[in-house]
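# Results of the structural survey
So the chains spell out like this:
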Amino acid sequence: MTTGAPVRVGVVGAGYVGLTTGACLASLGHDVICADIDVARVERLRTGDIPIVEAGLAEVVAEGLSSGRLRFEIGAPAAATNTDVVFLCVPTPQGADGGADLRYIETAAAQIGPVLDAGALVVNKSTVPVGSTRAVEDVLQRPDVAVVSNPEFLREGTAVYDFLHPDRVVIGADDRAAGERLAELYAGLDAPILITDPASAETIKYAANGFLAMKISFVNAIAAMCEAVGANVDDVVEGIGADNRIGTAFLKPGPGWGGSCFPKDSRALVKIAADYGYDFTMMKGVIDVNDEQKRRMVAKVRRAVGLAPGRGLGGAVVAVLGLTFKAGTDDLRDSPSVTMVNSLLASGATVRAYDPTVGVEPVDDKAEALRGVELVGSVNEAVKGARVLVIATEWPEFASIDLAEIATLMAADAVVVDTRNLLDPVAVRAAGLGYDGVGRS
Ligand code: UDX
Ligand code: UDX
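All values derive from a computational prediction rather than experimental measurement.

### As for the environment of Gly64
Looking at where Gly64 falls in the secondary structure, it is placed in helix H3 (residues 57-67). On the accessibility criterion, Gly64 (3% relative accessible area) is buried. Discounting chain neighbours no more than four positions away, the residues touching Gly64 are Arg69 and Leu70.

### Some points on the packing of helix H1 (residues 16-27) against H3
Helix-helix packing: each pair is described by the crossing angle between the helix axes and the interaxial distance. Look at H1 against H3: their axes get within 9 Å of each other, and the N-to-C directions meet at 55°. In terms of orientation, H1 lies oblique with respect to H3. Of the two possible hands of crossing, H1 and H3 adopt the one that is left-handed. Contact with H1, carried on its side by Leu19, Thr20, Ala23 and Ser27, involves Leu57, Val60, Val61 and Glu63 of H3 and no other residues of that element. Among the residues forming the contact of H1 with H3, the class breakdown is 5 nonpolar, 2 polar and 1 charged.

### Some remarks on the pattern of salt bridges
Overall, the coordinates contain 28 salt bridges when judged by the stated rule. Linking Glu180 and Arg176 is a salt bridge whose minimum nitrogen-to-oxygen distance equals 3.1 Å. Of the two residues, Glu180 and Arg176 are both situated in helix H8 (residues 176-185); the distance of 4 residues between them amounts to about one turn of the helix. Members of the salt-bridge network, linked through shared partners, are Glu227, Arg296, Lys300, Arg303 and Asp436.

### Side note on the domain arrangement of the protein chain
Considered domain by domain, the protein chain is made up of domain 1 (8-192) and domain 2 (197-441). Each of domain 1 and domain 2 has a C-alpha centre, and these two points are 32 Å apart. Between domain 1 and domain 2, the residue contacts involve 31 residues of the former and 29 residues of the latter. Between domain 1 and domain 2 the total buried area reaches about 2300 Å² when both faces are included, carbon and sulfur atoms providing 57% of it. Among the residues of domain 1 in contact with domain 2, Thr127, Val130 and Glu156 are the three that bury the most area, contributing 27% of the side total. Seen at the junction of domain 1 and domain 2, the total is 3 salt bridges. The closest approach of N and O atoms between Glu156 and Arg333, which form a salt bridge, is 3.6 Å. Our enumeration of links across domain 1 and domain 2 arrives at 12 residue pairs in polar contact (both at pLDDT 80 or more). Here the element with the most residues in the side of domain 1 that touches domain 2 is strand E7 (residues 169-172); it accounts for 3 residues. For the side of domain 1 that touches domain 2, the residue count by class is 14 nonpolar, 11 polar and 6 charged.

### Describing the site of ligand 2
Every one of the 18 residues lining ligand 2 counts as a neighbour, but Glu156, Lys252, Gly258, Lys326 and Arg420 are closest to it. Here Glu156 contributes a backbone N or O atom positioned 2.7 Å from an oxygen atom of ligand 2. Contacts to ligand 2 include Gly258, whose backbone N or O atom sits 2.9 Å from an oxygen atom. Residue composition of the shell around ligand 2, by class: 9 nonpolar, 2 polar and 7 charged.

### Focus: the pairing of strand E10 (residues 350-354)
For E10, the tally of buried residues reaches 4 of 5 residues, placing the bulk of the element in the interior. Across 5 bridges, strand E9 (residues 317-321) lies against E10 in parallel orientation. Looking across to E10, one finds that Leu321 is bridged to Tyr354. The handedness of the E9 to E10 crossover, carried by helix H13 (residues 336-346), is right-handed. In this structure, E10 lies alongside strand E11 (residues 374-375), joined through 2 bridges in parallel fashion.

### Comments concerning the site of ligand 1
Taken together, the neighbourhood of ligand 1 is formed by 20 residues, with Val17, Asp36, Thr92, Thr127 and Lys264 sitting nearest. The backbone of Tyr16 places a nitrogen or oxygen atom 3.1 Å from an oxygen atom of ligand 1. Interatomic distance of 3.0 Å between a side-chain N/O atom of Arg333 and an oxygen atom of ligand 1. Protein burial of ligand 1: of its 700 Å² of free accessible surface, 88% is covered by the chains. Counted by class, the shell around ligand 1 contains 9 nonpolar, 5 polar and 6 charged residues. In terms of domain composition, the shell around ligand 1 takes at least three residues from each of domain 1 (8-192) and domain 2 (197-441).

### Some thoughts on the packing of aromatic side chains
Under the definition given, this model contains 5 aromatic pairs. For the pair Phe250 and Phe262, a centre-to-centre distance of 6.3 Å together with 55° between the ring planes defines the contact as tilted. Placement of the pair is Phe250 in the loop between helix H10 (233-241) and helix H11 (262-275) and Phe262 in helix H11, with a sequence separation of 12 residues. The exposure class assigned to Phe262 is buried, which follows from its relative accessible area of 12%. Aromatic side chains Trp257 and Phe262 sit 6.3 Å apart centroid to centroid with 75° between the ring planes, which places their arrangement in the edge-to-face category. Residue classification places Trp257 among the buried residues on the basis of a relative accessible area of 5%. Connected via pairs of aromatic rings, a cluster forms that spans Phe250, Trp257 and Phe262. Residue placement shows Arg103 over the ring face of Tyr104; its charged tip is 5.6 Å from the ring centre.

### Let's talk about the sheet that holds strand E13 (residues 415-418)
Pairing within the open sheet is parallel, and its 6 strands lie in the order E11-E10-E9-E12-E13-E14. Of all strands in the sheet, those bounded by a partner on one side alone are E11 and strand E14 (434-436).

About the thresholds
Residues numbered from 1 in each chain as written. Chains lettered and ligands numbered in written order. Predicted model: local features only at pLDDT ≥ 70, side-chain atom pairs only at ≥ 80, totals over all residues. Heavy atoms only, no water. Helix = DSSP H or I, 4+ residues; strand = E, 2+ residues; numbered from the N terminus. Buried < 20%, exposed > 50% of the residue type's maximum accessible area, 1.4 Å probe, protein only. Contact = heavy atoms within 4.5 Å. Axes fitted to C-alpha atoms, helices over the stretch in contact; angles between N-to-C directions. Parallel < 35°, antiparallel > 145°, perpendicular 65-115°, else oblique. Left-handed = near helix turned anticlockwise from the far one by under 90°. Nonpolar A, V, L, I, M, F, W, Y, C, P; charged D, E, K, R; others polar. Salt bridge = Lys/Arg side-chain N within 4 Å of Asp/Glu carboxyl O. Domains from an automatic or database assignment. Buried area = accessible area lost by both parts, 1.4 Å probe. Polar contact = N/O pair within 3.5 Å; in protein donor to acceptor, adjacent residues only side chain to side chain. Near = heavy atom within 4 Å. Pairing = 2+ DSSP bridges. Right-handed = clockwise from strand over helix to strand, strands pointing away. Areas by Shrake-Rupley, 256 points an atom, 1.4 Å probe, with all protein chains shown as cover. Phe/Tyr/Trp six-rings, centres within 6.5 Å; stacked < 30°, edge-to-face > 60°. Lys NZ or Arg CZ within 6 Å of the ring centre and 35° of its normal.

Here you go:
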């Protein structure tokens, strides 16, 4: 890969974003120190053991370790010692008021401030409210250090690809020279680089995620309409997508959008707008449609079991295939499947679930999120005796399940609720199962 001049880079936070960023920058030829407070995580990473599911990441990390261009250290100061450019990639979870909680960013900034080399560049990659680039400057207390914003557009599951083949790189800098210095780091990528002021860069990140969430809520609302009027959403999307002005990307109906970004970023967008006196009713509607979509999926399960609204699901066995918020990741954060599963459990259903990345004995947060769910290790174990089979995540292996065998394992008159429109309704019905998709009348 072609590169600009190698730069000494530090990355604070070795999670989905930081680890991908660090490993990919090493693959572009830079010397990278990736630091994290989680000692166990750092020790695993030093041996090339990747703690998350992310296609291609193990390969770029292994390449970085063997070339010596990628090292893992404990604690934020290690990323800021003898480095020229330091990326902040720590979480910005949703705070109690709906806005982003900046405590990790502020802690990281306070820790690196005293050790940064003279004239270093600090890059904020975490998603932060408009104005946070300046807040980081205030915490750093280093007038000789420029702070720039450089939002990430990495989809989990394709993050390495997205990093190395971006549609664009966005840099927000008050000081044009500082922005250009960061742009140099990306010289090995074939992508347009847009340098703006920090507030615009920060807004671009929220606007991009808000717009994508809006597209999905729109198609989910159209799917609900299709069910009411007897239309087929697959045909509708094909028909509108053929219009170049619309296209088909991010118009796949589903159980609602989830993950570590869309839910918190859409709420943060509403909160930021409100803080500045703008009532962003459109974004509120996008969020409402998404909440409603998850409830609609649960209502489909109730209908499949044959229950009127308000009556419990007591005793019914519901098999759920897929728990992650989408395929290609092990991430359960704000997963519509987890919301659905918990709602079914609260209504008295027995939920048996299988997900290829979750396994039967999850730990920590995952165990907590899935309390009460019977986790099994295969599709066939999940469906045994079940009244309803919910396809909740579009894992490719679920597209080729043996429907005839599944029909023999499930209870009589069983129904498939396909929240991802992954299966062919004709084939499902031919196997003797009922079928209910999203917007497929
Ligand atoms: C990111 C972002 O940075 C967030 O703003 C964005 O909107 C979504 O993606 P992500 O990489 O998904 O976060 O988070 P996660 O996978 O939880 O990783 C964060 C890492 O930072 C963890 O490994 C954690 O141990 C580490 N961390 C956290 C620190 O090193 N220091 C801290 O103070 C807090
Ligand atoms: C998102 C952004 O796309 C990425 O640029 C970055 O800002 C981080 O946040 P990610 O959360 O990994 O990436 O997943 P994404 O592929 O965007 O999907 C988000 C959610 O929308 C998932 O729950 C997914 O299943 C859902 N989705 C996506 C649909 O329901 N239909 C679609 O057509 C696309």
